[in-house]
Amino acid sequence: MNRIWQRWIQRLSSAGSLPSDSERQRLSKAILVFLTTIYSVLGILWAAAYWALDRPVAAALPVGYSILSTGNLLVFFRLKHYVFFRSSQLALILILPFL
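Since the model is a prediction, treat every value here as computed from it, not as a measurement.

Analysis parameters
- Each chain carries its own residue numbering, running from 1 in the written order of its sequence.
- Selection of residues for local features in this predicted model requires a pLDDT of at least 70, selection of side-chain atom pairs for listing and counting requires 80 or more, and totals for whole chains, interfaces and linings are taken over all residues.
- To get the side-chain values, take all heavy atoms of the structure and skip hydrogens and water.
- Helix numbering and strand numbering both begin at the N terminus, where a helix is a DSSP run of H or I of at least 4 residues and a strand a DSSP run of E of at least 2.
- Nonpolar cores are built from buried Ala, Val, Leu, Ile, Met, Phe, Trp, Tyr and Cys residues. Side-chain atoms within 4.5 Å join them into one set.
- For every residue, the accessible area (1.4 Å probe, protein chains only) is compared with the maximum for its type, and the residue is labelled buried under 20%, exposed over 50%, or partly exposed between those bounds.
- Whether two residues are in contact is decided by their heavy atoms: any pair within 4.5 Å suffices.
- Only centres within 6.5 Å qualify two rings of Phe, Tyr or Trp (six-membered ring in Trp) as a pair; their planes then separate them into stacked at under 30 degrees, edge-to-face at over 60, and tilted for everything else.

> Please explain unusual backbone geometry as it appears in this structure.
Most peptide bonds take the trans form, and the phi angle of most residues other than glycine is negative. Non-glycine residue D54 carries a positive phi angle of around 60 degrees. As for its position among the elements, D54 is in the loop between α2 (23–52) and α3 (56–79). With a phi close to 60 degrees, K80 is a non-glycine residue in the positive phi region. Mapped onto the elements, K80 comes out in the loop between α3 and α4 (82–95).

> I tried to follow the nonpolar core on my own but got confused; where do I start?
Across soluble globular proteins, you tend to see nonpolar side chains buried next to one another. Within the largest apolar cluster, seven residues are counted, these being L12, L32, V33, L73, F76, Y82 and F85. When residues of this core are traced back to their parent elements, those giving at least two are α2, α3 and α4. Not counting residues up to four positions away in its chain, the partners in contact with L32 are Y82, F85 and R86.

> Can you walk me through the packing of aromatic side chains in this structure?
Geometrically, a pair of aromatic rings is defined through the distance of the ring centres and the angle of the planes. Per the stated rule, a full pass over the model turns up five aromatic pairs. On the basis of an interplanar angle of 85 degrees and a centroid distance of 5.8 Å, the ring pair of W5 and W8 is categorised as edge-to-face. Of this pair, W5 and W8 both sit in helix α1 (residues 2–14), separated by three residues, roughly a single helical turn. Chaining the aromatic ring pairs together yields one cluster made of F76, F77, Y82 and F85.

Here you go:
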């Protein structure tokens, strides 16, 4: 099981990297990818808690965030355009508290 986690983490950390990236760029991309993945999973759990409390409107915000973040992550994996990925994640993080 440990090897499966290590392989999954390795693949996730290098999914957005380019061969021309410096070590610092690879690290920055890997950190943002990991944070986005963790926040997306936690958003689903947060929404499930609201849903269990019979608050479907409140559950919509974290689910929406998770969907947008996951979509953004998939676009980043496909296009490898880090500036857009970083900017859109920042926008989601800054806008969410005001909704």
